[in-house]
There are 2 protein chains.
Amino acid sequence: MAQSDVLLTELKSHGYRLTRTRRALLDVFCSLTCPVQAPELVAMLAALGVLVNKTTVYRELAFLERAGMVHRVLLADGLTRYELARQEHHHHLFCVRCKAVSRVCLDDSICAVSDAIRRQSGFRTIAHSIEFFGICPRCDEGERQE
Amino acid sequence: MAQSDVLLTELKSHGYRLTRTRRALLDVFCSLTCPVQAPELVAMLAALGVLVNKTTVYRELAFLERAGMVHRVLLADGLTRYELARQEHHHHLFCVRCKAVSRVCLDDSICAVSDAIRRQSGFRTIAHSIEFFGICPRCDEGERQE
DNA sequence: TTGACAAACGCAACCAGGTTGCAATAATGA
DNA sequence: TCATTATTGCAACCTGGTTGCGTTTGTCAA
Ligand SMILES: [Mn+2]
Ligand SMILES: [Mn+2]
Ligand SMILES: [Zn+2]
Ligand SMILES: [Zn+2]
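Residues numbered from 1 in each chain as written. Chains lettered and ligands numbered in written order. Predicted model: local features only at pLDDT ≥ 70, side-chain atom pairs only at ≥ 80, totals over all residues. Heavy atoms only, no water.

## Regarding the coordination of the manganese ion (ligand 1)
Residue and element names in this part refer to chain A. Here is the rule: Because water is not among the atoms used, a metal site may look incomplete, as its donors are only the N, O and S atoms within 2.8 Å, or 3.2 Å for Na, K and Ca. To sort residues, take the accessible area from a 1.4 Å probe on protein chains only and compare it with the maximum for the residue type: under 20% means buried, over 50% means exposed, and anything in between is partly exposed.
Glu83 (OE), His90 (NE2) and His92 (NE2) make up the full set of protein donors to the manganese ion (ligand 1), lying at 2.0 Å. Linear spacing of the donor residues for the manganese ion (ligand 1) on their chain is E-x6-H-x1-H. An identical accessibility class is assigned to His90 and His92; each is buried.

## Let's talk about the coordination of the zinc ion (ligand 3)
Residues and elements named next belong to chain A. Basically, it comes down to this: Only four donors with every angle between 85 and 135 degrees are called tetrahedral; only four or six donors with opposite donors over 155 degrees apart and all others between 65 and 115 are called square planar or octahedral, in that order; all others are irregular. What counts as a helix is a DSSP run of H or I of at least four residues, what counts as a strand is a run of E of at least two, and both are numbered from the N terminus.
The protein atoms that coordinate the zinc ion (ligand 3) are Cys95 (SG), Cys98 (SG), Cys136 (SG) and Cys139 (SG), at distances of 2.2 to 2.5 Å. Because the angles between the four donor atoms bound to the zinc ion (ligand 3) fall within 101 to 116 degrees, the donor set is best described as tetrahedral. Ordering the donors of the zinc ion (ligand 3) by residue number gives the pattern C-x2-C-x37-C-x2-C. Of this pair, Cys95 sits in strand β4 (residues 91-95) while Cys136 sits in the loop between β6 (124-135) and α7 (137-145), placing them 41 residues apart in sequence. Exposure remark for Cys136: the relative accessible area of 10% places this residue in the buried category.

## Notes on the interface of chain B and chain A
The condition is simple: Whether two residues are in contact is decided by their heavy atoms: any pair within 4.5 Å suffices. Note: buried area is the sum, over both parts, of the accessible area (probe 1.4 Å) each one loses when the two are combined. By convention in these notes, a salt bridge is any Lys or Arg side-chain nitrogen within 4 Å of a carboxyl oxygen on Asp or Glu. By the criterion applied in these results, polar contacts are pairs of N or O atoms within 3.5 Å in which, for protein atoms, one can donate a hydrogen and the other can accept it, and in which residues neighboring in sequence qualify only through two side-chain atoms. The classification used treats Ala, Val, Leu, Ile, Met, Phe, Trp, Tyr, Cys and Pro as nonpolar, Asp, Glu, Lys and Arg as charged, and all other residues, Gly among them, as polar. When DSSP locates at least two bridges between a pair of strands, those strands are taken to pair.
Taken residue by residue, the interface counts 36 residues in chain B and 36 residues in chain A. Between chain B and chain A, a total of about 3000 Å² is buried, with carbon and sulfur atoms accounting for 65% of that surface. Counting across the interface, chain B meets chain A through four salt bridges. A salt bridge links Arg118 of chain B to Asp140 of chain A, with the nearest nitrogen and oxygen atoms 3.3 Å apart. Summed over the shared surface of chain B and chain A, the result is twelve residue pairs in polar contact (both at pLDDT 80 or more). Among the secondary structure elements, those contributing two or more residues to the side of chain B that touches chain A are β4 (91-95), α6 (114-121), β6 (124-135) and α7 (137-145) of chain B. At twelve residues, β6 of chain B tops the list of elements feeding residues into the side of chain B that touches chain A. For the side of chain B that touches chain A, the per-class residue count stands at 22 nonpolar, eight polar and six charged. Taken together, the eleven bridges between β6 of chain A and β6 of chain B define a ladder with antiparallel strand orientation. The partner of Ile135 of chain A across the bridge, within β6 of chain B, is Arg124 of chain B.

Okay, here's the thing in structure tokens:
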């Protein structure tokens, strides 16, 4: 059973409808390895022959977010991206040159600062975002040759 | 000498003009303790009697960013904020309830993961952003009473 | 299979943040 | 004071995102 079918089954079991958009969107998300913007999703669906209005995509993203299946990713350019939730916990490397996004898994201890923050300031952390901005290996190579 | 005068002097020494907008903007930035959005700055300047067009503010922010005096801060709501650069290195706590932004200084070791990332993936980190999203002490108090 | 019903949808209009081209203005040093 | 050029205002534009509302469609029970 494909990963997207697992998700569809879960939605169905909660009484939600399995629409063309919903199926296609989850398919796309399962095939991706890095976060994407909503307008990009509209284009990707169109390329698959699924012509869907941007309003629908935004509403569907909100729905999938509520259902805990996708979440937002904020990177250095201020644009909102989405990726499948329930992946191995990881963080992002954003190349400020070519805008490529890659992933990195960090040591648990780095993610465990929440407790220290709670003690220090009383702030109850729900989530964190650790993003690194810099130059990816490919661009670094290119720059050295210029 | 006020902090903003130091910055103005530096700009002047590089041959840049000291305009009304520039002075007022640096004054405002020096008086703030957390990052602000561009439209907020337009309003704050207006409240000080400095009526300035939003285009000018955006251009001035780009200028001050190039000059290394302010930088962008991206938080959980996807809006771009700016704050004075050259502060003690710190990170942000974003209350998802009241949207308040506070600051926290983390252990150096947490910020030093860049080397590990370089070894692991070849990605050359220039900057990082570590943001925490959760409930601030005030809101936490309020929620407990409801 | 059919129909009722609510969920999902498309569309148009709208909003906010941000950008651009260009002509007018103002800070500077001579 | 004047020339030079950085800075500014304005209008028009762009993109991402939202809203209201009437229509379509997925689901399930008859
Ligand atoms: Mn990711
Ligand atoms: Mn800060
Ligand atoms: Zn790159
Ligand atoms: Zn709060």
